[in-house]
Amino acid sequence: TKRPQASCSSPLAYYSTSNMAATFLSSKLRHTARSALYTTTRAVSTAIETKVNGLPVKVYNEGGAKRVCVTKDLPGERWIDVLARAGCRVEVCTDPQTILDNGKIKQFMGGKVDGVIGQLTEDWSEELFAALKQAGGSAFSTYAVGYNNVVVPDATRHGIPVGNTPGVLTETTAEIAAALTLAAARRVCEADVFMRAGHYKGWLPTLFVGNLLQHKTVGVIGAGRIGQAYAKMMVEGHKMDIVYYDLFPQPKFEQYLSNYSAFCAANGERAIQVTVAKDPEEVLAKSDVVSLHMLLDKSTHHYINKQRLETMKKDAVLVNAARGPVIDEVALVNHLKANPNFRCGLDVFEDEPEMKPGLADCANAVIVPHIASASLWTRGGMATLAASNVAGILTGKPVLPQGSNVLPFVDMPLGSPELEATPSIVNASELGLKMK
């Protein structure tokens, strides 16, 4: 949710009591409206359980003229309505295999399919895109904002648009990063295990002593939307100084931090120190907490390695809610074992769903199973965006430019004029698709 801009030139304007109250009420009303719309939307048809191409499926809008395959069941119902309105028969694979292999995905698609919604755990490259094209398919969307598992040039070569689901994961992912930060710094999970095991016999001065975050330094590597949202949570919530590194200048973010620092000083608080790092090593060396928010590509694979871990403070906290392979997990396990006061919080893993040997034994690691986007509104919104991508392509709707506001697809009543578009196609320009 975008914060309202200050209506006057004073750097403290945004932080005035009336403006902050208006911000809170505006945000609450928006989220209330979203919740009401989400929970009252009803699917246009009831699922029929059957088998298609030898695989168990749930079928919605059985009489739809266009066949859309969804490799895993998705939260909510609005996304089904989106596809049904586009004249699609929606088939959801219910095979018990957690991650469908390429063979089952090809079996599911069969000889005739118009579009597919796939998952971030699947290998969408030449083999699957060739099969999709051969079956007459012309639309694909991944149910994720990141698409490092999708070889986009392969899709483009077969003339298949690739959709993703940006714009609805920012706050929910930042919240998980903040939760991992607090859980690791304050040893919450260790204490939980201790308590459940019946070891607690009474209060002790040294029992699970962790690190206070207030007025410490938070480091952010990758100051995009999620990195900035996380930084604001830590700076505003814990009055932390911040040092960040990004490949691109972030002047609006820096102005925001400067304004907040001035607000703190004007109200008797210590001013926030803001540092734009010249390189990631500066972030690692100065920070008490480092949170990773970069994309995964060849340049960021094993971005945090043995050498960079050794640059960090011995009692620092490392948080990763980006992609698992940005950390050399073997090096991290060794570092955790050698430095018991060093802690980490991980939502993603290098060989997901597997962990590197020894990680599960590290009490100083907080580990959760890739749940950063797992809020009901976000996961439902992702489903709606993925469905809107496929439906938009199949009905010839123009594509919004990358970076556009896609929240109307999640919030507004279906049939609204604002929804006469395809929200997010990453290879639209390469395919020469009509833009809105």
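Everything that follows concerns the structure shown earlier in this document.
The notes below deal with the structure included here. In this text, all values refer to a predicted model and were calculated from it rather than measured experimentally.

Comments concerning the sheet that holds strand 14 (residues 365-367)
Then, in step 1: Pairing in this open sheet of seven strands is parallel, and the strands run 10-9-8-11-12-13-14 from one edge to the other. Two strands in the sheet have a free side with no partner beyond their single neighbour: strand 10 (274-276) and strand 14. Ignoring strand direction, the axes of neighbouring strands in this sheet form an average angle of 15°.
Then, in step 2: Taken together, the three bridges between strand 9 (residues 241-245) and strand 10 define a ladder with parallel strand orientation. Note on strand 10: the bridge partner recorded for V243 is T275.
Then, in step 3: The strands touched by helix 6 (residues 170-185) are strand 11 (289-292), strand 12 (317-320), strand 13 (343-346) and strand 14; relative to strand 12, the strand with the most contacts, the crossing angle is about 150°.
Then, in step 4: Sheet contacts for helix 12 (residues 329-338): strand 12, strand 13 and strand 14; angle to strand 13, the most-contacted strand, approximately 145°.

Topic: the sheet that holds strand 6 (residues 139-142)
Within a sheet, each strand pairs with its neighbour through backbone hydrogen bonds, oriented either parallel or antiparallel.
Then, in step 1: Ordered by their spatial adjacency, seven strands build an open sheet running 1-2-4-3-5-6-7, and the pairing between neighbours is mixed. Looking at the sheet topology across the chains shown, the edges are occupied by strand 1 (48-52) and strand 7 (162-163).
Then, in step 2: Here three bridges tie strand 3 (residues 66-70) to strand 5 (residues 115-118), and the two strands are oriented parallel to one another. The partner of C69 across the bridge, within strand 5, is V116.
Then, in step 3: The strands touched by helix 2 (residues 78-85) are strand 2 (55-60), strand 3, strand 4 (88-93) and strand 5; relative to strand 4, the strand with the most contacts, the crossing angle is about 140°.
Then, in step 4: Where helix 13 (residues 376-394) meets the sheet, it contacts strand 3, strand 4, strand 5, strand 6 and strand 7, and its direction lies at approximately 170° from that of strand 6.

Topic: helix 4 (residues 126-134)
Then, in step 1: Among the residues of helix 4, those classed as buried are L128, F129, A131 and L132. Down the axis of helix 4, the smallest arc covering the buried residues is 160°, so these residues share one side.
Then, in step 2: Where the residues of helix 4 are buried, they touch helix 3 (102-109), strand 5, strand 6, helix 5 (152-157) and strand 7.
Then, in step 3: The first or second residue beyond helix 4 is G136, which carries a positive phi of 90°.

Digging into unusual backbone geometry
Then, in step 1: Cis geometry is found at the peptide bond from E352 to P353, where omega equals 10°.
Then, in step 2: The residue P353 is located in the loop between strand 13 and strand 14 in this model.
Then, in step 3: One non-glycine residue, R187, adopts positive backbone phi at about 60°.
Then, in step 4: By secondary structure assignment, the location of R187 is in the loop between helix 6 and helix 7 (188-196).
Then, in step 5: Backbone geometry at F208 places phi at a positive 50°, although glycine is not the residue there.
Then, in step 6: Within the element layout of this structure, F208 appears in the loop between helix 7 and strand 8 (217-221).
Then, in step 7: By relative accessible area, F208 is classed as partly exposed at 22%.

About the thresholds
Residues numbered from 1 in each chain as written. Predicted model: local features only at pLDDT ≥ 70, side-chain atom pairs only at ≥ 80, totals over all residues. Heavy atoms only, no water. Pairing = 2+ DSSP bridges. Helix = DSSP H or I, 4+ residues; strand = E, 2+ residues; numbered from the N terminus. Axes fitted to C-alpha atoms, helices over the stretch in contact; angles between N-to-C directions. Contact = heavy atoms within 4.5 Å. Buried < 20%, exposed > 50% of the residue type's maximum accessible area, 1.4 Å probe, protein only. Arc of directions from axis to C-beta.

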